[in-house]
Amino acid sequence: MSSEEGAALPASSKGSWGSFLKSIASFNGDLASMTAPAFILSTTSLTEFSAYWAEMPKLLVAPAAEKDPQKRAMLVLKWFLSTLKQQYASRNEKLGSEKKPLNPFLGELFMGKWEDQEGTTHLVSEQVSHHPPVTAYSIWNDKHGVRLQGYNAQKASFSRTIHVRQVGHAILHLDAWDEDYLITLPSLHIEGLITGSPYVELNKSTYIIGSNGFTSKVEYSGKGWVSGTKNSITATMYPHGKEKSKHDVIYTAEGAWTNNFTIKNAKKEVVDTYNAKAEPKTPLQVAPIEAQDPLETRRAWQKVAAAILKGDMNTTSAEKTLIENSQREMRKKEAAEGREWERRFFSKAKGLPIFEQLKKEAPGESLEADQTNGVWVFDQAKASAAKPPFSQLSKELSKNGA
Ligand code: HC3
């Protein structure tokens, strides 16, 4: 490591970072079990990450009002590209580096809403599986008839750095047009590991496949050894089946997902632009901790988060252990009673016809239900019936003082 590289780390952390790097060289792929030094631990649980899809409700609902199907699909692409910075670079910007998120427990819930000129946009995010870790979410805006649901898991490996393949997908539904868009999720790797200031770079490509006959393919690239620019994207939108035909491209988008991108039509005229720095975000409203159910993320993790912020590793581990033990007890009890933990807002589906129909446009894409402990769908009946306190686990966590 050069002295310049080393400068990113506080002097007191250099030793622990070195040991961390040595330990991940023999990384077994389980991100949850990775033990990171205190200064790189985040106080945010992965259930909260679902909110990144909708921090700009105006862009999320914009396609619903567009009558032209091609422009509608283009607005879906624009919204998707606008979410990338939130999803993959916002923590880095806010905290100075990508940190290790809290690993949600089964049944953990993160709920909130955005209120602005678009009306209310709701969020429900639930940890539907612990082994493997899977987070499912539903985001909806009734005023505009826009619904997004999806779930994700991560498969990680180590080769020079941490590589993560996302398993799962999102589906955007527009009520007015009875239209669905299947969204596949990008692979990523961690840059800046050696210097102690990790950040995410996206790889390869993803698809947005509309049931209205248009597909967008997004290609990601970064700064290579020789050439390339950080966080680059190139996207093309074309009719189904025309991925390889340059003549059939309807729109292109080009730029940096952390910054600006431009959308052009087939005549290469600029039809839309996006500037990540200028786009206003609506703050997510989350119930105050005292009003939350013990299953809710910020309440359940509050003592762990406070200890991380103080840099108090003993209390961090002790409080984490309380949650883990309580979970272990719950699982034992369920096994003894021959039942499974009842997910609060999501159910396992036998299949997903819309996925099977649209995936034909995305080479190699499959549900991989074995990697996500099932296929998860938002269960409207459960959601309508759900009223806090949510479950027995709430009582268990309260008993343990979490
Ligand atoms: C890989 C990741 C956890 C997973 C994060 C996901 C894929 C979760 C779903 C979101 O919609 C998008 C998303 C964004 C960032 C992903 C995280 C980046 C780093 C984190 C690793 C577990 C942390 C690695 C530890 C360290 C110290 C090197 O940063």
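The following refers to the structure shown. (Residues numbered from 1 in each chain as written. Predicted model: local features only at pLDDT ≥ 70, side-chain atom pairs only at ≥ 80, totals over all residues. Heavy atoms only, no water.)

What follows covers the overall build of the chain. Regarding its fold elements, the chain presents 10 helices and 18 strands. Relative to the 2.2 N^0.38 estimate, which gives 21 Å for 402 residues, the radius of gyration of the chain is 21 Å and therefore close to what a compact globule would have. Oriented by its inertia axes, the alpha-carbon framework of the chain measures out at about 60 × 60 × 40 Å. By the burial criterion, 51% of the 402 residues in the chain qualify as buried. Surface summary for the chain: the accessible area is close to 18,600 Å², and the carbon and sulfur share equals 52%. When the 50 positive and 46 negative side-chain charges of the chain are each reduced to one mean point, those points stand 2 Å apart. (Helix = DSSP H or I, 4+ residues; strand = E, 2+ residues; numbered from the N terminus. Rg over C-alpha atoms; globule rule 2.2 N^0.38 Å. Buried < 20%, exposed > 50% of the residue type's maximum accessible area, 1.4 Å probe, protein only. Areas by Shrake-Rupley, 256 points an atom, 1.4 Å probe, with all protein chains shown as cover. Lys, Arg positive; Asp, Glu negative; His and termini not counted. Charge placed at Lys NZ, Arg CZ, Asp CG, Glu CD.)

So, about the packing of aromatic side chains. Taken as a whole and judged by the stated rule, the model has 11 aromatic pairs. Plain terms: the ring middles of W140 and F378 are 5.5 Å apart, the flat faces sit at 35 degrees to each other, and that makes the pair tilted. Taken together, the residues W140 in strand β5 (residues 134-141) and F378 in strand β18 (residues 375-378) connect sequence positions 238 residues apart. Like F378, W140 is buried. Members of the aromatic cluster, joined through ring pairs, are W53, W79, F80 and Y137. Positioned above the aromatic ring of W177, the side-chain terminus of R72 is 4.0 Å from the ring centre. (Phe/Tyr/Trp six-rings, centres within 6.5 Å; stacked < 30°, edge-to-face > 60°. Lys NZ or Arg CZ within 6 Å of the ring centre and 35° of its normal.)

Below, the discussion takes up the site of the ligand. Around the ligand sit 18 residues, and of these Q87, Y88, R91, E98 and Q166 come closest. Bound to the protein, the ligand loses 97% of the 610 Å² it would expose on its own. If you list the elements that add at least two residues to the shell around the ligand, you get α4 (69-95), β6 (146-159) and β7 (161-174). Looking at the shell around the ligand residue by residue, the class counts come to 12 nonpolar, 4 polar and 2 charged. (Near = heavy atom within 4 Å. Nonpolar A, V, L, I, M, F, W, Y, C, P; charged D, E, K, R; others polar.)

Structurally, T121 can be placed in strand β4 (residues 119-129). By relative accessible area, which is 0% here, T121 ends up buried. Reaching out from T121, the side chain makes a polar contact with the side chain of N141 at a distance of 3.0 Å. Excluding its chain neighbours within four sequence positions, the residues that come into contact with T121 are A54, P57, L60, G112, K113, W114, I139, W140 and N141. (Polar contact = N/O pair within 3.5 Å; in protein donor to acceptor, adjacent residues only side chain to side chain. Contact = heavy atoms within 4.5 Å.)

Here the focus is the pairing of β4. Among the 11 residues of β4, 9 are classified as buried, and the element is accordingly described as predominantly covered. The pairing of strand β3 (residues 109-116) with β4 spans 8 bridges and is classified as antiparallel. Counterpart to K113 in the pairing with β4 is H122. Where β3 folds back on β4, the antiparallel hairpin that results is connected by 2 residues. Across 7 bridges, the pairing between β4 and β5 is antiparallel. For H122, the partnering residue across the bridge sits in β5 and is W140. In this structure, the hairpin formed by β4 and β5 is closed by a connection of 4 residues. (Pairing = 2+ DSSP bridges.)

On to the nonpolar core. Ranked by internal contacts, the top residues of the largest apolar core, which has 100 residues, are W53, W79, F80 and L172. With 11 residues, the top contributor of residues to this core is α4. Among residues more than four places away in sequence, those in contact with W79 are W53, L59, L60, L148, L172 and I183. (Core = buried A, V, L, I, M, F, W, Y, C linked by side-chain atoms within 4.5 Å.)

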